[in-house]
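For reference, the chains in residue letters:
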Amino acid sequence: MGARPAAAQDVSGRPDDLKIGGDRVSVGLGIASTPTYVGSDSSRIVPMAAIQGEVSGISFNTQGTAIYVDAVPSSGKPGWKLELGPLAALRLERTGAFGNPAVRALGKLDKAVELGGSIGIQRTGVLTSSYDTLSLSMSWQHDVAGAHSSYVASPEIDYDTPLSEHAFVSFSASADYVGRGFGRYYYDVDDAGSLASGLPAYDGADRAGWKDWNLSTMAVHSISGNLLHGVGVFVTGGYQRLLGAYARSPLVADVGNRNQWSGAVGLEYTFR
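Per-chain numbering applies: the sequence of each chain, read as written, is numbered from 1 onward. Given that the model is predicted, a residue must reach a pLDDT of at least 70 before its local features are reported, and side-chain atom pairs must reach 80 or more before they are shown or counted; all residues, however, enter totals for whole chains, interfaces and linings. In computing side-chain properties, one takes all heavy atoms of the structure into account and sets aside hydrogens as well as water.

Draft legend 1. Broad picture of the overall build of the chain. Helix and strand content of the chain: 5 helices and 12 strands. For the C-alpha atoms alone, the extent of the chain along its principal axes is close to 60 × 30 × 30 Å. Intrachain contacts of the chain at a sequence separation of at least 6 include 65% that bridge at least 24 residues. When the accessible surface of the chain is totalled, it reaches about 11,300 Å², and 64% of it is carbon and sulfur. The sign given to each residue is positive for Lys and Arg and negative for Asp and Glu; His and the chain ends receive no count. Lys charges are placed at NZ, Arg charges at CZ, Asp charges at CG and Glu charges at CD. Of note, the chain has its 21 positive side-chain charges centred 1 Å away from the centre of its 26 negative side-chain charges. Here a strand is any run of E in DSSP of at least two residues, a helix any run of H or I of at least four, and the numbering for each starts at the N terminus. Working rule for contacts: check all heavy atoms of both residues, and any pair within 4.5 Å makes them a contact. With residues, only the protein chains shown are counted as cover, and all accessible areas are computed by Shrake-Rupley using a 1.4 Å probe.

Draft legend 2. Fine view of unusual backbone geometry. Here the phi dihedral of Ser56 falls at roughly 55°; this positive angle occurs in a residue that is not glycine. By the element assignment, Ser56 lies in the loop between strand S2 (43-55) and strand S3 (58-63). Judged by its relative accessible area of 57%, Ser56 is exposed. With a phi angle near 50°, Ser149 is a residue other than glycine that sits in the positive phi range. Turning to its location among the elements, Ser149 is positioned in the loop between strand S7 (133-143) and strand S8 (151-162). Exposure classes here rest on a 1.4 Å probe applied to the protein chains alone. A residue is buried below 20% of its type maximum, exposed above 50%, and partly exposed in between.

Draft legend 3. Representation of a nonpolar patch on the surface within the structure. A cluster of nonpolar side chains, Trp80, Leu82, Leu84, Ile119, Ile121, Val126, Leu127, Leu134, Leu136, Met138 and Ile157, forms an exposed patch at the surface whose accessible area comes to about 1,000 Å². The set of elements that each furnish at least two residues to the nonpolar patch consists of strand S5 (79-91), strand S6 (112-124) and S7. Only residues whose relative accessible area exceeds 30% and that form no salt bridge are eligible for patches; like-charged ones are grouped when within 9 Å, while nonpolar side chains (Val, Leu, Ile, Met, Phe, Trp, Tyr) are grouped when within 5 Å. By definition, a salt bridge exists where a carboxyl oxygen of Asp or Glu is found within 4 Å of a side-chain nitrogen of Lys or Arg.

Draft legend 4. Highlighting the pattern of salt bridges. Summed over all chains, the structure comprises 6 salt bridges. In this structure, Lys211 and Asp212 form a salt bridge, with 2.4 Å as the shortest nitrogen-oxygen distance. Per residue, the accessibility class of Lys211 equals that of Asp212, and both read buried. Sharing partners across several salt bridges, the network here consists of Arg180, Arg184 and Asp206.

Draft legend 5. Summary view of the environment of Tyr246. Within the fold, Tyr246 resides in helix H4 (residues 244-247). Tyr246 sits in the buried class, given a relative accessible area of 2%. The spatial distance from the C-alpha of Tyr246 to the C-alpha of Ala89 is 21 Å, given a sequence separation of 157 residues. Sequence-distant contacts of Tyr246, defined by excluding residues within four places in its chain, comprise Val178, Gly183, Tyr187, Ala205, Arg207, Ala208, Gly209, Trp210, Lys211 and Val252.

Draft legend 6. Examining the sheet that holds strand S9 (residues 167-178) more closely. In short, DSSP must find at least two bridges between two strands for them to pair. Spatial strand order, S1-S2-S3-S4-S5-S6-S7-S8-S9-S10-S11-S12: 12 strands in a closed barrel with antiparallel pairing. Neighbour-to-neighbour, the strand axes of the sheet open up by a mean angle of 20°, direction not taken into account. Where S9 and strand S10 (residues 209-222) come together, 12 bridges link them in antiparallel fashion. For Ser172, the partnering residue across the bridge sits in S10 and is Ser216. Think of each axis as a best-fit line through the C-alpha atoms, taken over the contacting stretch in the case of a helix, with angles from 0 to 180 degrees between the N-to-C directions.

Draft legend 7. Layout of the pairing of S9. For S9, the tally of buried residues reaches 9 of 12 residues, placing the bulk of the element in the interior. Alignment of S8 against S9, held across 9 bridges, turns out to be antiparallel. Its bridge partner being in S9, Glu156 is matched across the sheet by Ser174.

Draft legend 8. Region of interest: the pairing of S3. As paired strands, S2 and S3 are joined by 4 bridges and run antiparallel to one another. The residue of S3 that forms the bridge with Gln52 is Asn61. The antiparallel hairpin formed by S2 and S3 contains 2 residues in its connecting segment, where Ser56 sits at a positive phi of about 55°. Strand direction decides the pairing type here: S3 and strand S4 (residues 66-70), joined by 5 bridges, are antiparallel.

Draft legend 9. Spatial organisation of the nonpolar core. In this text, buried Ala, Val, Leu, Ile, Met, Phe, Trp, Tyr and Cys residues form a nonpolar core when linked through side-chain atoms within 4.5 Å. Core analysis: the biggest nonpolar cluster contains 16 residues, and Val178, Phe182, Tyr186, Tyr187, Ala205, Leu242 and Tyr246 have the highest contact counts within it. Mapped by element, the contributors of at least two residues to this core are helix H2 (180-187) and H4. Those residues in contact with Ala205 that sit more than four places away from it in its chain are Arg180, Gly183, Arg184, Tyr187, Asp188, Ala245 and Tyr246. Of all hydrophobic cores here, the second largest spans 8 residues; its members include Ala102, Val103, Leu199 and Val255.

Draft legend 10. A look at the side chain of Lys81. Residue position: Lys81 is located in strand S5. Polar contact criterion, stated in full: a pair of N or O atoms within 3.5 Å, where within protein one must be able to donate a hydrogen and the other to accept it, and residues adjacent in sequence count only if both atoms are side-chain atoms. At 2.6 Å, the side chain of Lys81 forms a polar contact with the side chain of Asp70.

Take a look at the structure:
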């Protein structure tokens, strides 16, 4: 399913997917543990759903509230391939219930609707078989709803390998570079917010810069049929570390944590 665990609505970056060829659609349902906001020191358990597939060589998958499409057809055979396509994401960061009372006193934020795309290269047939893949990609997305009115750019490296007809694992590493408006909207505290919350005023995140780096892994095991058809169980795990001016924000340094952990477990069904 979605290869990168959702981290408190952090929908930056491009998730990988299994590309062995042939039309298929996988639907997964489960539960996820995520921080209450990106930078929080508490987590919450939430239901999750994901969809992933390939139709006529065009692949697509969801990651939390984001959807990604690779519009360059895949042959499913070993070799190099260009990856290029659009993405759309709904960022719900601090738009609902969130844990810390001081952060809650800052008030709810508006939803961000982010549109963009990704580009990369992929090699199929790398180490373990003719079907393992190594991908290098870059994604870019911009808020068009007027929430943070800024952008997120994310380089990523992914390695996926089927271990057998019944088992699959993936690993990824990525980082997020955000625009000035993003840091100001999600991590600064103005004077009014300081008075309401008791947190110190802070304007250090009002700049563009590297917000975080991320590591994640996923494993899938088929319990009926094989990886390309039938029921399977999946588990994901992820670690995110906030950086620099964003980690120094009072939302993180005073009442949160720069180290963020997430994970999910569930069942999937793959149609062919």
